[in-house]
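Geometric and topological summary
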Amino acid sequence: MLNFCSCLQTMVSRMKKRLILISLGFLTGCAVTPPPMSVEELRAEVRSNPSRIQVEEYEVERPFLPAFNAVQTNAERCFEVTLSKIQENTPDARPESLRYRAESFMTSETEGETFLQLDKKAAQRMPEGGYYVLLADIEAISAKKTRVTVYRAMRGYDTVNESIVAWAQGKSDHCPKFPKDAQDWRLTNHNP
C-alpha cells in the first residue's frame, strides 16, 4: 500500500508540473506581440519594440525617380519567389514552402515604398499576402539625392537589404540570396 501511495504522489506531482508549464505556455503565448499587419504597423513597431526590427538609413547619390524605379523593377524580378523543400524527418515527408511577395508604391511625387512579405503556415493571424519582413521607404532629399530607410527583421535579411541599396544606387541589379536559400531549399522565381 505504501508503494502505491508513493507512486500516486509522484504521478500527481508530475501532473501538477505539466499543468503549470502548460498554463505558463498559454500565458506567454497571449503576451507575445502579434506580427505587423500593415506597413504602418511595421513602422510603429520600430518605435515601440526596436529589439525585433532593425532600421538602417542610407543616402544615395541618385535622383529619387531613377532610384525608386530601379528598386521597384528589381524587387518585382527578384523577390517574387517560393522556397521549398521536403521535410525528410517527418513521418509523412510533407513539402514545406515559403512564398515571398514584393510590392512597390509611389506614395507621392517624391516618396515611395517597397515591401517584402513572407507567406507561410503559422499559428498566428497573418495579413493578406503574408507577414511583413522588410520595408524600404525611398524619398527624395534633394534633386540629386535620395534617402533609403530599410526596416527589416533582425535576422536573415542582410543580403536583401544590401541589394535594395545597391539597386537604388544603380550599382547592381543582382538578386540577393534569401535567408533559407541553401542547398536543401529549391528556389522558384515567379518573375524571372
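Look up: the structure comes first, before these words.
Quick look at the structure, then. (Residues numbered from 1 in each chain as written. Predicted model: local features only at pLDDT ≥ 70, side-chain atom pairs only at ≥ 80, totals over all residues. Heavy atoms only, no water.)

What about the packing of aromatic side chains?
- Throughout the structure, instances matching the rule amount to four aromatic pairs.
- With a centroid separation of 5.8 Å and an interplanar angle of 20°, the aromatic rings of phenylalanine 64 and phenylalanine 68 are classed as stacked. On the criterion of helical spacing, the pair formed by phenylalanine 64 and phenylalanine 68 is a turn pair, its members being four residues apart in helix H3 (residues 64-78).
- Measuring from ring centre to ring centre gives 6.0 Å for phenylalanine 105 and phenylalanine 115, while their planes differ by 25°; the resulting arrangement is stacked. (Phe/Tyr/Trp six-rings, centres within 6.5 Å; stacked < 30°, edge-to-face > 60°. Helix = DSSP H or I, 4+ residues; strand = E, 2+ residues; numbered from the N terminus.)

Some words on the state of the cysteines
- Applying the stated criterion to the full structure yields one disulfide.
- A disulfide bridge connects cysteine 78 with cysteine 175, and the sulfur atoms are separated by 1.9 Å. Between cysteine 78 and cysteine 175, the disulfide has an S-S torsion of -70° and is therefore left-handed. With cysteine 78 in helix H3 and cysteine 175 in the loop between helix H4 (158-169) and strand S7 (186-189), this pair connects stretches of sequence that are 97 residues apart. (Disulfide = S-S within 2.5 Å.)

A closer look at the pattern of salt bridges
- A full pass over the atoms with the stated rule returns nine salt bridges.
- As a salt-bridge pair, arginine 43 and aspartate 137 come within 2.6 Å of each other at their nearest N and O atoms. Taken together, the residues arginine 43 in helix H2 (residues 39-48) and aspartate 137 in strand S5 (residues 131-140) connect sequence positions 94 residues apart.
- Under the relative-accessibility criterion, aspartate 137 is labelled buried at 13%.
- Because the salt bridges share partners, they merge into one network encompassing Arg43, Glu113 and Asp137. (Salt bridge = Lys/Arg side-chain N within 4 Å of Asp/Glu carboxyl O. Buried < 20%, exposed > 50% of the residue type's maximum accessible area, 1.4 Å probe, protein only.)

Side note on the side chain of asparagine 74
- Tracing the sequence through the fold places asparagine 74 in helix H3.
- For asparagine 74, a relative accessible area of 7% corresponds to the buried category.
- Filtering out sequence-adjacent residues up to four positions away, asparagine 74 remains in contact with Phe79, Trp167 and Asp173. (Contact = heavy atoms within 4.5 Å.)

Let's talk about the packing of H3 against H4
- Packing of H3 against H4 leaves a shortest axis separation of 7 Å and a crossing angle of 135°. By the angle between their axes, H3 is oblique relative to H4. Every pair of crossing elements has a handedness; the one defined by H3 and H4 is right-handed. Taking contact as the criterion, the partners of Ala67, Ala70, Val71, Asn74, Ala75 and Cys78 in H3 are, on H4, Ile164, Trp167 and Ala168.
- When grouped by side-chain class, the residues that make up the contact of H3 with H4 number eight nonpolar, one polar and no charged. (Axes fitted to C-alpha atoms, helices over the stretch in contact; angles between N-to-C directions. Parallel < 35°, antiparallel > 145°, perpendicular 65-115°, else oblique. Left-handed = near helix turned anticlockwise from the far one by under 90°. Nonpolar A, V, L, I, M, F, W, Y, C, P; charged D, E, K, R; others polar.)

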